[in-house]
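Topology and contacts: notes
The lines below spell out each chain.
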Amino acid sequence: MQDVVISGSGLFTPPHAVSNEALVTAFNAYVNDYNQQHATAIAAGELAPLQESSAEFIEKASGIKQRYLMDASGVLDPQRMTPYLPERSNDELSVPAEMAVAAARDALAAAGKTAADIDMVIAAASNMPRPYPALSIEVQQALGINGFAFDMNVACSSATFGIQTAVNAIASGQARAVLMVNPEVCSAHLNFRDRDSHFIFGDACTAVVLERADTATAANVFEVLGCKLATVFSNNIRNNFGFLNRCDESGSGALDKLFVQQGRKVFKEVCPMVGEHIVTHLDSKDIQPAGVKRFWLHQANLSMNQLIARRVLGRDADTLEAPVILDRYANTSSAGSVIAFHLHHADMAAGDIGVLSSFGAGYSVGSVIVRKR
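Position numbers for residues start from 1 in each chain and track the written sequence from start to end. Reporting in this predicted model follows two pLDDT cut-offs: at least 70 for local features of residues, and 80 or more for side-chain atom pairs to be given and counted; totals over whole chains, interfaces and linings ignore these cut-offs and use all residues. The basis for the side-chain values is all heavy atoms of the structure; hydrogens and waters are excluded.

1. Quick notes on the packing of aromatic side chains
A ring pair, where both rings are aromatic, is described by two values, the distance of the centres and the angle of the planes. Only Phe, Tyr and Trp rings are paired, with Trp represented by its six-membered ring, and only when their centres lie within 6.5 Å; those with planes under 30 degrees apart are stacked, over 60 edge-to-face, the remainder tilted. Using the criterion set out here, one finds 8 aromatic pairs in the structure. With centroids separated by 6.2 Å and ring planes inclined at 45°, the aromatic side chains of Tyr-30 and Tyr-34 adopt a geometry described as tilted. With Tyr-30 and Tyr-34 both in helix H1 (residues 20-37), this residue pair falls 4 residues apart, about one helical turn. Each of the two residues, Tyr-30 as well as Tyr-34, counts as buried. Here the aromatic rings of Phe-57 and Phe-199 are separated by 6.0 Å at their centres, their planes lie at 90°, and the arrangement is edge-to-face. Secondary structure elements are defined from DSSP: runs of H or I of at least 4 residues count as helices, runs of E of at least 2 residues count as strands, and each element is numbered from the N terminus. Buried means the residue's accessible area, taken with a 1.4 Å probe over protein chains only, is under 20% of the maximum for its type, while exposed means over 50%, and partly exposed covers the values in between.

Following this line, the structure appears as structure tokens:
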């Protein structure tokens, strides 16, 4: 069995930074227009008026200050409030593939690898642009990679599940090196007219190169000491959009065809699950939490991350131990923990240990323990 390392990571950041203030301006314009249009029914008690949002409410509830979007104009139009991403022809690179190729090139350069070194491509993300052909194969073709590719979806945990899959393939000799990409156009599945969730997500794409330890030549190489995955079914985070929707027209346009969650239940149930998962994983490798230099956590909610770190360490973690990128990127689903890793790993010294952990819908949770070489 081959030892496996992470030898490169990459990040694609969309061109449009949208502040809480800009998002709130559009949302409140929609709210005021809705309340005016339904003033008679509201006055009669037949409808409840919609409530305005505020930048202060968003930051207090989530820790988010802005997000990056593939399209801002459609989202900030009170009459639309959906990104405008024109459908491309079958001969053009899809938007997620374009994002993935950009992040992949960064990761390959960091790893000192070319397309010829990669045997396997995994696209691991919450939402794919279509059922088939697989996005991963589109990315494979665009980069000129031989071998094979496939898609996988474990929502916000897709990256850690993808890393585990890559580790298994390399350790068993199935692949010399694996490219894993996490293109997330989260704005396309978000209801920007829902006060409780319109601010949660942003768009981004990350990429990771994993390879045999004896072939790694990059400056920053992390040995994978172990991966641990777990799932427990829950409806508290759900998106019912899919190909079966056309079989029952009565559900067309229903709110559950976009992201929906019961936030309080998620917070209450996921935080202890993730904390216990990480502690148990570390214990299985005879590593004390105090011996971990860095925790690259999924970036969904600042309070969640703080509580999880507290459960693991027995105290509050500082922003060096558990870096926060949520304030700039918002929740980018599977890409979040990898963004944290990508932006906050270069200062680690040989022998330093880190944990990359993701968690979300499913429920799903994954952790990857690494050591800087």
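2. Things to note about the side chain of Arg-294
Considering the arrangement of structural elements, one finds Arg-294 in strand E11 (residues 294-297). Within polar-contact distance, the side chain of Arg-294 engages the side chain of Asp-347 at 2.6 Å. The contact criterion used is simple: two residues touch if any of their non-hydrogen atoms lie within 4.5 Å. Sequence-distant contacts of Arg-294, that is, excluding residues within four places in its chain, are made with Leu-320, Glu-321, Pro-323, His-344, His-345, Asp-347, Met-348, Ile-353, Gly-354 and Val-355. The term polar contact refers here to a pair of N or O atoms within 3.5 Å; inside protein, the definition further demands a hydrogen-donor-capable atom paired with an acceptor-capable atom, and it admits residues adjacent in sequence only when both atoms are side-chain atoms.

3. A short note on unusual backbone geometry
A cis amide bond links Tyr-132 to the next residue, Pro-133, at an omega of 0°. Considering the arrangement of structural elements, one finds Pro-133 in the loop between strand E4 (120-124) and helix H5 (135-143). With an omega of -10°, the peptide bond between Gly-362 and Tyr-363 qualifies as cis. Among the secondary structure elements, Tyr-363 is positioned in the loop between strand E12 (353-360) and strand E13 (364-372). Even without a glycine there, the phi angle at Met-81 is positive, about 55°. Here Met-81 is to be found in the loop between strand E3 (66-69) and helix H4 (95-111). In the Ramachandran plot, Ala-330 falls in the positive-phi region, its phi being about 60° despite a non-glycine side chain. Topologically, Ala-330 is positioned in the loop between helix H9 (326-329) and helix H10 (336-343). Using a relative accessible area of 0% as the deciding quantity, one classes Ala-330 as buried.

4. Focus on the nonpolar core
Residues belong to one nonpolar core when they are buried, are Ala, Val, Leu, Ile, Met, Phe, Trp, Tyr or Cys, and are joined through side-chain atoms within 4.5 Å. Counting 47 residues, the largest nonpolar core has Ile-278 and Phe-295 as the members making the most contacts within it. Secondary-structure elements contributing two or more residues to this core are H1, helix H7 (263-284), E11, helix H8 (302-313), E12 and E13. It is H7 that provides the largest number of residues to this core, a total of 7 residues. Core analysis: the next-biggest nonpolar cluster, separate from the first, contains 38 residues, Leu-11, Met-120, Phe-161 and Leu-210 among them.

5. What about the side chain of Lys-257?
Assignment of secondary structure puts Lys-257 in the loop between strand E9 (237-238) and strand E10 (260-261). One polar contact links the side chain of Lys-257 to the main-chain carbonyl oxygen of Gly-251, over a distance of 3.4 Å. Non-local contacts of Lys-257, meaning those with residues more than four positions away in its chain, are made with Asn-239, Asn-240, Phe-241, Asn-245 and Gly-251.

6. Considerations on the pairing of strand E7 (residues 203-212)
Of all 10 residues in E7, 9 are buried; the element is thus mostly enclosed. Two strands form a pair only when DSSP identifies at least two bridges running between them. Two elements, strand E1 (residues 4-12) and E7, share 8 bridges in a ladder whose sense is antiparallel. Bridge pairing links Ile-6 to Leu-210 in E7. Bridge analysis of strand E6 (residues 177-185) against E7 gives 9 bridges, and the strand direction is antiparallel. Opposite Asn-182, over in E7, you have Thr-206 as the bridge partner.

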